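# Observations on the three-dimensional arrangement
Now for the letters of each chain:
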Amino acid sequence: MCELSCLYARDCLAAIGDPDRYETHVAYVTPDHRWRFVADLSPEAIAAAPALTAAEAIERVVTLSPDVMVPQMFDLPGMTSYRALFDLLGIPFLGNAPETMALTAHKARAKTVVAAAGVAVPQGQLALASDQLALEPPVVVKPIGADNSLGVTLVRDYPEFARALTDACAVGEEALVEQYIELGREVRCGIIVRDGSLQCLPLEEYAVDSEVKPIRDQADKLCRDDAGELSLVAKESTRAWIVDIDDPVCDAVWEAARRCHRALGCRHYSLFDFRVDPAGRPWFLEAGLYCSFARQSVLATMSAAAGLPVDELFAIVLDNALGLARV
């Protein structure tokens, strides 16, 4: 997660780091909770910066007195605790509030909330490593709080369940077991708050196939090169593409996404994954309420397809954050 955060944050700085418009300070937090205030996110700059305790770093932040914070941390504390810290300091930040992030980080709780808002969700059960399968296969077994398809398995028969559950619970203590929704299609929908209204962006569709690729896995999203460097593969044209806004699937997904946004208490923007069954009905899979404002961010890709480059997207969300706009 630390590497992934840094990968996206570097590109965010390149995409929106206009020195005539913004004065930028970078706080790099390592998994040991040490902070480094760095000139840039090169390995050399990170290595050269002194490591500060959280108390020392907070003092530095208060001294800097920033107008706004842009979250870049992909791990759960980054999504929740560090956002709450800036709330406590009275410093606004781009993106969703820590309580919303905590809710959606627990996939089963997010499902319950959007289901109450009238959005279709797959039937499911919560399971510990020793539990038995209570649903009829096929089912999808996933860690309750992990991202990037880590520990996700499609189980087509009962004997496969124990291993899949063990793999999922190795990532987190609890797993979510869901009814498998037949394809159909799999899409992601992004929303931005613009001029006080929810603007649904062009959908992104993913390469799945009922026979050879029924679900997406981690290899569809991230990989390492021969040197061990982390890289993104999800945007390759063979894996993902933008859906034409005249496609009949759009209206149904957009309506479901609006319901999710409101039910979960989202602000500034939101992002949701849906399976679309053969009848064209969208089923909520999960919320990914995050945008790094890198050019390869999903929301940035969707916005670009709508004629809104990433620097303009950033400016819109920034205005929302500073004005506390919420729909």
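In what follows, the accompanying structure is described.

## Re empty space enclosed by the protein
Evaluation of the coordinates by the stated rule reveals one cavity of 30 Å³ or more. If you add up the space inside the largest cavity, you get close to 340 Å³. Along its surface, the largest cavity is lined by 23 residues, and Lys142, Val152, Glu186, Leu285 and Glu286 are the ones closest to its centre. In terms of residue count, strand 4 (residues 139-143) provides more of the lining of the largest cavity than any other element does, three residues in total.

## Thoughts on the packing of aromatic side chains
Each aromatic ring pair is described using two quantities: the centre-to-centre distance and the angle formed by the ring planes. Here the structure, examined in full by the defined rule, presents nine aromatic pairs. Between Tyr269 and Phe293, the ring centres sit 6.2 Å apart and the planes meet at 85°, which makes this aromatic pair edge-to-face. Placement of Tyr269 in strand 13 (residues 269-276) and of Phe293 in the loop between strand 14 (282-287) and helix 10 (298-305) is noted, with a sequence separation of 24 residues between them. We note that Tyr269, like Phe293, is buried. Note on Phe274 and Phe284: the rings are 6.3 Å apart at their centroids and 75° apart in plane angle, and the pair reads as edge-to-face. A residue pair is termed long-range when its members are at least 10 positions apart, and Phe274 in strand 13 and Phe284 in strand 14 qualify at 10 residues. The residues Phe274 and Phe284 share a single accessibility class, namely buried.

## Describing the sheet that holds strand 5 (residues 153-155)
If you walk across this open sheet you meet the four strands as 3-6-4-5, and the pairing is antiparallel. With partners counted over all chains shown, the strands left at the sheet margins are strand 3 (124-127) and strand 5, one partner each. Going from strand to strand, the sheet's axes swing by 25° on average, the running direction of each strand aside. Lying on the sheet, helix 7 (residues 107-116) is in contact with strand 3, strand 4 and strand 6 (175-179); it crosses strand 6 at an angle near 45°. Along the sheet, helix 8 (residues 161-171) contacts strand 3, strand 4, strand 5 and strand 6; its crossing angle with strand 4, the most-contacted strand, is approximately 25°.

## Structural notes on the environment of Ala170
Topologically, Ala170 is positioned in helix 8. For the pair Ala170 and Ala129, spaced 41 residues apart in sequence, the C-alpha to C-alpha distance is 8.6 Å.

## Points about the pairing of strand 6
Regular strands place their side chains on alternate faces of the sheet. Here strand 6 lies mainly inside the structure; four of its five residues are buried. One ladder, built from four bridges, connects strand 3 with strand 6; its direction is antiparallel. Each bridged residue has a counterpart across the sheet, and for Leu126 the counterpart in strand 6 is Leu176.

## Here we look at a negative patch on the surface
Among the surface-exposed residues, Asp18, Asp20, Asp311 and Glu312 lie close enough to one another that they form a single negatively charged patch. Here Asp311 shows up in helix 11 (residues 310-323). A relative accessible area of 36% means that Asp311 is categorised as partly exposed.

## Brief notes about the nonpolar core
Core analysis: the biggest nonpolar cluster contains 33 residues, and Leu203, Val253, Phe272, Phe274 and Phe284 have the highest contact counts within it. Sorting the residues of this core by element identifies helix 1 (2-16), helix 7, strand 7 (185-194), strand 8 (197-200), helix 9 (249-263), strand 13 and strand 14 as the ones contributing at least two each. Top element by residues in this core is helix 9. It accounts for seven residues. Ranked by size, the runner-up nonpolar core spans 25 residues in total, among them Cys291, Leu299, Leu318 and Ala321.

Rules of the game
Residues numbered from 1 in each chain as written. Predicted model: local features only at pLDDT ≥ 70, side-chain atom pairs only at ≥ 80, totals over all residues. Heavy atoms only, no water. 1 Å grid on protein atoms, 1.4 Å probe; cavity = no way out; pocket = protein on both sides within 12 Å on 5 of 7 lines; lining within 4 Å. Points joined across faces, edges and corners; volume = space filled by probe spheres on them. Helix = DSSP H or I, 4+ residues; strand = E, 2+ residues; numbered from the N terminus. Phe/Tyr/Trp six-rings, centres within 6.5 Å; stacked < 30°, edge-to-face > 60°. Buried < 20%, exposed > 50% of the residue type's maximum accessible area, 1.4 Å probe, protein only. Pairing = 2+ DSSP bridges. Axes fitted to C-alpha atoms, helices over the stretch in contact; angles between N-to-C directions. Contact = heavy atoms within 4.5 Å. Patch = residues over 30% accessible without salt bridge, like charges linked within 9 Å, V, L, I, M, F, W, Y side chains within 5 Å. Areas by Shrake-Rupley, 256 points an atom, 1.4 Å probe, with all protein chains shown as cover. Salt bridge = Lys/Arg side-chain N within 4 Å of Asp/Glu carboxyl O. Lys, Arg positive; Asp, Glu negative; His and termini not counted. Charge placed at Lys NZ, Arg CZ, Asp CG, Glu CD. Core = buried A, V, L, I, M, F, W, Y, C linked by side-chain atoms within 4.5 Å.

By themselves, these figures tell us nothing about what the structure is for.
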